[in-house]
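Structural description and commentary
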Amino acid sequence: MLKWIGWIILIIFIIITLNMPIIFSGIGILGILVGAILIFLGSRMSENSRLKKIRKLRYKAEKLRLKGMEEKARKIEIKIKKYE
């Protein structure tokens, strides 16, 4: 969600910067920087949540192996490969 808001802000402020005189373009450039930062943070957060899900699934698969449920553990390993 943060990434989408960043893209919207970035596009709007690029248009604003192109339509303003050079004297007032500082506001547009500041908006472009804010949009770029939001895009960066949004992509980092989605990557962290993906890695968290992979760790959780690996833990679950290992728990199932210890209980002797090898087939279910293999199915979870397939899901893990999808997220990697």
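This report concerns the structure included in the present document. What you see is a predicted model; the values in this text were computed from it and never measured.

Attention now goes to helix α1 (residues 2-19). When the terminal C-alpha atoms of α1 are compared, their 26 Å separation across 18 residues agrees well with the 26 Å that a helix rising 1.5 Å per residue should span. The set of residues buried in α1 consists of Gly6, Leu10 and Thr17. In a view along the axis of α1, the buried residues occupy a sector of 40 degrees, so they form one face of it. Opposite the buried face of α1, by more than 90 degrees, sit the exposed residues Trp4, Ile8 and Asn19. Where α1 is buried, its residues meet α2 (25-67).

Together, Leu2, Ile37, Phe40, Leu41 and Met45 line one region of the surface with nonpolar side chains, adding up to about 480 Å² of accessible area. Looking at where Met45 falls in the secondary structure, it is placed in helix α2. For Met45, a relative accessible area of 52% puts it in the exposed group.

Criteria and thresholds
Residues numbered from 1 in each chain as written. Predicted model: local features only at pLDDT ≥ 70, side-chain atom pairs only at ≥ 80, totals over all residues. Heavy atoms only, no water. Helix = DSSP H or I, 4+ residues; strand = E, 2+ residues; numbered from the N terminus. Expected span 1.5 Å × (residues − 1). Buried < 20%, exposed > 50% of the residue type's maximum accessible area, 1.4 Å probe, protein only. Arc of directions from axis to C-beta. Contact = heavy atoms within 4.5 Å. Patch = residues over 30% accessible without salt bridge, like charges linked within 9 Å, V, L, I, M, F, W, Y side chains within 5 Å. Areas by Shrake-Rupley, 256 points an atom, 1.4 Å probe, with all protein chains shown as cover. Salt bridge = Lys/Arg side-chain N within 4 Å of Asp/Glu carboxyl O.

Coordinates in, geometry out; function isn't part of it.
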